[in-house]
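Remarks on the overall topology
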Amino acid sequence: IFASASAAYEEIAVKDGGTIRGSVKVDGKVPKLPPLQITKFKEVCKDVPNESLLVGPGQGVRYAVVTLEGITKGKAVEKEAVHEMDNLGCRFVPHVLAAGVGQFVVFKNSDPILHTVHALFTSGQPQFNIGLYPGRVSRKPLVTPGVVKIICEVHPWMSAYLVVTDHPYYSVTDIYGEYLISDIPGGSYRLKVWHETLGTEEKQVEVKAGGSQNVDFVLSPKPGAKK
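Notes on the structure follow. Everything numeric in this text was worked out from a predicted model, so none of it was measured.

Observations regarding unusual backbone geometry
Of note, the bond from Val93 into Pro94 is cis; its omega dihedral lies within 30 degrees of zero at 0°. As for its placement among the helices and strands, Pro94 is situated in the loop between strand 8 (92–93) and strand 9 (96–100). Not every positive phi belongs to a glycine, and Phe41 is a case in point at roughly 50°. Mapped onto the secondary structure, Phe41 falls in the loop between strand 2 (18–26) and strand 3 (54–55). Classification of Phe41 by relative accessible area gives partly exposed; the value is 32%.

Here is the structure:
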């Protein structure tokens, strides 16, 4: 079933592709995040930020992932492309990474202490748990789409997310909450935003050949989120 899912995406030459850009913002008062509980290696692990909800200028949300759902053909997936996630200052950098099936993630450890990278896949990809000694690098292939949580077994406050798609139409928002997806064949799609604490939302979009449009999302903090 997983093989057929990725085979369903057909690579074509996209002429007059459309562009969708916009922003992801948080509505109302931003909940105050609890500080991370740093329990050991405090000489290395100090001032580690809680990145589960980063709100920048104008209420823009960083590290939201915007994907085009229901796209069956479009520009080529950049096979063998390598994305990097570092262990630095007792946190994963970047905190959220988006990538495509057929690509790789390189996990590095720039800290002077041992970290592990434990990836909790929800579907057909085997989980992996890599011990990363200082300076060690490990390269892993991505074979199934989905949202993957990554934790460190040694430092329970460390977490990151990897969002894997079977097409190249995705974007991670920047510090202003902005995203851009381009070279989209004309057609009707669902545009989906995912954020680890604000949840998901979808909007129906019509992409015209050569057209450009703005689609903004406003997410509300979930009731019960720590204020």
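A few points about the pairing of strand 2
Counted residue by residue, strand 2 has seven buried out of nine residues, so it is predominantly covered. Relative to strand 17 (residues 178–184), strand 2 runs antiparallel, the two sharing five bridges. When the sheet's bridge partners are listed, Gly22 is paired in strand 17 with Tyr179. As paired strands, strand 2 and strand 20 (residues 212–214) are joined by three bridges and run parallel to one another. Bridge pairing links Thr19 to Ser212 in strand 20. Of the strand pairs in this sheet, strand 2 and strand 21 (residues 217–219) are connected by three bridges, and their pairing is parallel. Among the inter-strand pairings, Val24 is bridged to a residue of strand 21, identified as Phe217.

Focus on the state of the cysteines
One pass over the structure, following the stated rule, counts one disulfide. In this model, Cys45 is linked to Cys90 through a disulfide, with the two sulfur atoms separated by 1.9 Å. Because the sign of the S-S torsion sets the handedness, a value of about -55° for the bond joining Cys45 and Cys90 places this disulfide among the left-handed ones. Of this pair, Cys45 sits in the loop between strand 2 and strand 3 while Cys90 sits in the loop between strand 7 (82–87) and strand 8, placing them 45 residues apart in sequence. Judged by its relative accessible area of 0%, Cys90 is buried. Counting only cysteine sulfurs, Cys90 is the nearest neighbor of Cys152, a cysteine outside any disulfide, at a range of 8.2 Å.

Cut-offs and rules
- Residues numbered from 1 in each chain as written.
- Predicted model: local features only at pLDDT ≥ 70, side-chain atom pairs only at ≥ 80, totals over all residues.
- Heavy atoms only, no water.
- Helix = DSSP H or I, 4+ residues; strand = E, 2+ residues; numbered from the N terminus.
- Buried < 20%, exposed > 50% of the residue type's maximum accessible area, 1.4 Å probe, protein only.
- Pairing = 2+ DSSP bridges.
- Disulfide = S-S within 2.5 Å.

Functional significance is not addressed by these values, which are geometric in nature.
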